[in-house]
Amino acid sequence: MSVGAGRLTNMRTLLDLVLPLECAGCGVPGENWCSWCSRALYVPPVTVRPRVDPGVPCWALGTYSGPRRNGVIAMKERGRRSVARPLGRALAEAIGHLRDAGEIDPPELASLVLVCAPTRARAARARGGDPVLRCARIAAEELAPETVLVPELLRMSGGARDSVGLSAGQRQHNVAGRIEAVGVCRPRADTGRPRTSTHTVLLLDDVVTTGATLAESARVLVEFGIPLAGALVVASA
Ligand SMILES: [Zn+2]
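Residues numbered from 1 in each chain as written. Predicted model: local features only at pLDDT ≥ 70, side-chain atom pairs only at ≥ 80, totals over all residues. Heavy atoms only, no water.

(A) The arrangement of the nonpolar core in detail. Membership of the largest hydrophobic core comes to 40 residues, with the highest contact counts inside it found for Leu87, Leu91, Ile95 and Leu114. Of all elements in the fold, only α2 (35-41), α3 (66-76), α4 (84-100), β3 (111-116), α6 (131-142), β6 (199-208) and β7 (228-236) reach the threshold of two or more residues within this core. If one sorts the elements of this core by residue count, α4 sits on top with 8 residues. Not counting chain neighbours up to four residues away, the residues in contact with Leu87 comprise Leu41, Gly71, Val72, Met75, Cys135 and Val234. Counting residues in hydrophobic clusters, the runner-up holds 28 residues, among them Leu153, Val175, Val208 and Leu221. (Core = buried A, V, L, I, M, F, W, Y, C linked by side-chain atoms within 4.5 Å. Buried < 20%, exposed > 50% of the residue type's maximum accessible area, 1.4 Å probe, protein only. Helix = DSSP H or I, 4+ residues; strand = E, 2+ residues; numbered from the N terminus. Contact = heavy atoms within 4.5 Å.)

(B) Layout of unusual backbone geometry. In this structure, the amide linkage connecting Ala144 to the following residue, Pro145, adopts the cis form with an omega of 15 degrees. Tracing the backbone through its elements, the reader meets Pro145 in the loop between α6 and β4 (154-156).

(C) Region of the structure containing the packing of α4 against α6. Where α4 contacts α6, the axes come no closer than 7 Å and their chain directions differ by 55 degrees. Looking at the two axes, α4 sits oblique to α6. Read as a crossing pair, α4 and α6 show a hand that is right-handed. Together, Ala84, Arg85, Leu87, Gly88, Arg89, Leu91 and Ala92 of α4 and Arg134, Cys135, Ile138, Ala139, Glu141 and Glu142 of α6 make up the contact between the two elements. In the contact of α4 with α6, the residues fall into 7 nonpolar, 1 polar and 5 charged. (Axes fitted to C-alpha atoms, helices over the stretch in contact; angles between N-to-C directions. Parallel < 35°, antiparallel > 145°, perpendicular 65-115°, else oblique. Left-handed = near helix turned anticlockwise from the far one by under 90°. Nonpolar A, V, L, I, M, F, W, Y, C, P; charged D, E, K, R; others polar.)

(D) Molecular detail of the packing of helix α7 (residues 168-175) against helix α8 (residues 212-223). Interaxial distance between α7 and α8 falls to 9 Å at its minimum, and their mutual angle equals 35 degrees. As for how α7 packs across α8, the hand of that crossing is right-handed. Taking contact as the criterion, the partners of Arg171, Gln172 and Val175 in α7 are, on α8, Ala212, Thr213 and Glu216. The residue makeup of the contact of α7 with α8, split by class, is 2 nonpolar, 2 polar and 2 charged.

Laid out in structure tokens, this is it:
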């Protein structure tokens, strides 16, 4: 083997290490996200009822299993940003299904606003940005030419712990009062009514477990007079 060929092999090995080309949903080699896993994602969303009621309808692409679970873990824990593409596309497809089913308004009646449930800032930084926000932006792109807003409205303030291993009650306590709205004016106290709006606001998250984060996010949005149509998540655990 020539020195040049050896270098090329080393480079390939390095690239394989950096970019292991295997499906993040099932591990099949050769592609980032295979067609089988795509079919598992692009399905009509199902209604879920988390233990902590967010007070609005909640839909998931399916259970936290198979390609949905593997995809979320690859994106959140292993930093595979490219997985946001199929997940974002699946969320856009799900929004289409919800519109077809009459669950949310069509674009000609109300413009769509996607609000991401907040993640702990430090966790998001460690993962190289908020993966849910990335999915939401891709979902918005997929819905073009419709204009979909993805404002960063909600933030998790300091003090919230990683929720892994916490019970429903502990999770609720963990996020209670720790989610805040940024860049939104408080509604005038004298009306107390939701603002009239021609927007469909959907709350997005990757996984709903107990519903504590969705419920607290919904509470904050409603407090600010933002009419929330529902919550859509990739998977329900
Ligand atoms: Zn696959």
